[in-house]
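# An overview of the molecular structure
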Amino acid sequence: MEVIDRYVHEIGEHLPWNLRADVEAELRSLLMDSMEERARATQQPADARLAEAVVREFGAPEEVAKRYLPQDQYLIGPRLFPAYKLAVKIALIVIAAVSGALVLSATITSALGHRAGPDLLVLARTIWGVIWGIFINLALVTLVFAIIERVRARREVMGPAWSPAMLPPVKDPDRISQAGMVIEMYLILAFAVLFNFYPEWVGVAFVDGRLRLTGFLLPAFATYMPLVNVFWGLDFALHLIVLSQGRWRRETRAAEFALGLYGAVILYLLIIGPPLFQLDFLIKAVLKGVLALVLLGSAVRLYHLLTRRPFEPWRFAEGAAPRQ
Amino acid sequence: MVENPQRVSLRENLGLEFRRGALVLAVLSQLRQEQYGYSLKKALAERGLEIDEGTLYPLLRRLEAQGLLRSRWSLEDGRPRRYYRTSALGEALHGDLAADWQSLARAMDRLLR
């Protein structure tokens, strides 16, 4: 029966290959049973018209196929979706602000550089860059959330059963901000993509009304990229682990401290290394400041790790005893 | 009398929700004897539980994937048919769920009286 064959085939098209043949064979047999029974009950011939009535009752192929698939298959599930929507909104607002400034800057500088009016080519390129930027950024946000969804699903399956003893204190220094962690992961990915795949776009600027690649990173910088990539990879993995555990733990705090020291070593190597940037002296002065901040951050983390208390210097200044 | 469409839609959705849970128990109860899909549908309908085929057959596959049913192919009158029956786990779960159902039904009876 042609209608049955087409119907069964269409359902099979929406199923994974390992289920397809088996489900198709069973459906074909069941539909034929249904047709025969109906023909007998209504004293009608088992023809194409009856076959159409049977498959119509069965439902749209896509809907039927969906029922054969495992339930709750999400890229981003309902629990994370509100946070995802918020992150997309924030990303769009940031991109809109940055892009608006870029387009405005391109319009003004190209108009100033050319008396005949704005350079349309520069404008078109800038707008194309903006569209591409939106695409890349939204893809990164989606990727981060999809990873979190997988990690959380695994934690729920493999993790221990919840008990009241697991409730954290109201004021909990180890509590994480999920949104903050996601933004940090997004930034790590964004920097990794930029430095690895578009290094020429680091330090891009408008010069005489045109978007110019300034060659900010000198070729020698590439030799440091493996070290930097390892840092970003470890940092991303640490964020994932902390997110999956739901809060900071002693082990992850220790890993954060170790990672901070590793970051400080990379910064030190960049500072003492050969010229790596345009305006190398100036940039390295900034890096020295960053290194000082990183070391300070590591000291604070070490204090927290050893005392298990947050670093609150004003409490010492006030002469109050540290909080228990 | 025109029915309130919101009431109709809510009744449909809420009704579907408690029916969905009951279907698993209904299917397990009938598959303690081996049956193929269409004969199961008829057995359920004869006992007053109409269920559309597009829902019933995928449910059988899901219960099999969960280890509650086992199945085998058999050739009858030149047509291959897949026969299902409860596994040991399905049998045990049927007992548990039936007890839960009876207890819930008694409680609901008292509430609705």
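Predicted model, so just to flag it, every value in this text is computed and none were measured.

A separate point is the pairing of strand S3 (residues 79-86) of chain B. Residue and element names in this part refer to chain B. When you tally the buried positions in S3, you get six out of eight residues, the bulk of the element. Sheet analysis places strand S1 (residues 35-36) next to S3, joined by two bridges and oriented antiparallel. When the sheet's bridge partners are listed, Gln35 is paired in S3 with Tyr84. Here strand S2 (residues 69-76) runs beside S3; their pairing, made up of eight bridges, is antiparallel. Counterpart to Leu69 in the pairing with S3 is Thr86. The loop that links S2 with its antiparallel partner S3 comprises two residues; one of these, Asp77, has a positive phi angle of about 50 degrees.

A few words now on unusual backbone geometry. Residues and elements named next belong to chain A. With a phi close to 55 degrees, Gln43 is a non-glycine residue in the positive phi region. Relative to the helices and strands, Gln43 is located in the loop between helix H2 (17-42) and helix H3 (48-58). The backbone of Leu279 sits at a positive phi, close to 55 degrees, despite the residue not being glycine. Assignment of secondary structure puts Leu279 in the loop between helix H9 (250-272) and helix H10 (280-307). By relative accessible area, Leu279 is classed as exposed at 62%.

Before going further, it helps to spend a moment on the side chain of Arg81 of chain B. Secondary-structure assignment places Arg81 of chain B in strand S3. On the basis of relative accessible area, Arg81 of chain B is assigned to the buried category, the value being 9%. A polar contact is formed between the side chain of Arg81 of chain B and the side chain of Asp33 of chain A, at a distance of 2.5 Å. With sequence-adjacent residues up to four places away left out, Arg81 of chain B is seen in contact with Ser29 and Asp33 of chain A together with Tyr36, Arg72, Trp73, Ser74 and Glu76 of chain B.

A word on the nonpolar core. All names here are of chain A. Among the nonpolar cores identified, the biggest contains 44 residues, and Val141, Phe145 and Phe221 are the most heavily contacted of them. When residues of this core are assigned to domains, at least three map to each of domain 2 (77-158 + 170-217) and domain 3 (249-324). Apart from residues no more than four positions distant in its own chain, Phe145 is found in contact with Ile76, Leu80, Ala83, Tyr84, Ala87 and Val182.

Here the focus is the packing of aromatic side chains. Applying the stated rule across the entire model yields eleven aromatic pairs over all chains. Each ring, one from Phe81 of chain A and one from Tyr84 of chain A, has its centre 6.0 Å from the other, and the planes form 40 degrees; the classification is tilted. In this pair, Phe81 of chain A and Tyr84 of chain A are both assigned in helix H5 (residues 81-113), three residues apart and thus about one turn of the helix distant. Residue Tyr84 of chain A is classed as buried on the basis of its relative accessible area of 16%. Relative to Trp232 of chain A, the ring of Phe195 of chain A lies with its centre 5.7 Å away and its plane at 65 degrees, an arrangement referred to as edge-to-face. With Phe195 of chain A in helix H7 (residues 178-197) and Trp232 of chain A in helix H8 (residues 225-245), the pair connects residues that are 37 residues apart, well separated along the chain. We note that Phe195 of chain A, like Trp232 of chain A, is buried. Among the aromatic residues, those joined into a cluster by ring pairs are Phe191, Phe195, Phe221, Trp232 and Phe277 of chain A. Stacked on the ring of Tyr83 of chain B, the Lys or Arg Arg72 of chain B has its end atom at 5.3 Å from the ring centre. It is Arg81 of chain B that lies over the ring of Tyr36 of chain B; its NZ or CZ is 4.3 Å from the centre.

Here the focus is the side chain of Arg79 of chain B. On the secondary structure map, Arg79 of chain B appears in strand S3. A distance of 2.7 Å separates the side chain of Arg79 of chain B from the side chain of Asp33 of chain A, its partner in a polar contact. A polar atom in the side chain of Arg79 of chain B sits 2.4 Å from the side chain of Glu36 of chain A. Setting aside chain neighbours within four positions, we find Arg79 of chain B in contact with Ser29, Met32, Asp33 and Glu36 of chain A together with Ser74 of chain B.

Okay, the interface of chain A and chain B next. You'll often see interface size given as the accessible area lost when the parts meet. Tallying the contact residues gives 18 residues for chain A and 18 residues for chain B. Summed over both sides, the interface between chain A and chain B buries roughly 1,700 Å², with carbon and sulfur atoms accounting for 50% of that surface. Counting the surface chain A buries against chain B, the share from its top three residues, Glu26, Asp33 and Arg67 of chain A, is 31%. Counting every contact that joins chain A to chain B gives seven salt bridges.

Rules and cut-offs
Residues numbered from 1 in each chain as written. Chains lettered and ligands numbered in written order. Predicted model: local features only at pLDDT ≥ 70, side-chain atom pairs only at ≥ 80, totals over all residues. Heavy atoms only, no water. Buried < 20%, exposed > 50% of the residue type's maximum accessible area, 1.4 Å probe, protein only. Helix = DSSP H or I, 4+ residues; strand = E, 2+ residues; numbered from the N terminus. Pairing = 2+ DSSP bridges. Polar contact = N/O pair within 3.5 Å; in protein donor to acceptor, adjacent residues only side chain to side chain. Contact = heavy atoms within 4.5 Å. Core = buried A, V, L, I, M, F, W, Y, C linked by side-chain atoms within 4.5 Å. Domains from an automatic or database assignment. Phe/Tyr/Trp six-rings, centres within 6.5 Å; stacked < 30°, edge-to-face > 60°. Lys NZ or Arg CZ within 6 Å of the ring centre and 35° of its normal. Buried area = accessible area lost by both parts, 1.4 Å probe. Salt bridge = Lys/Arg side-chain N within 4 Å of Asp/Glu carboxyl O.

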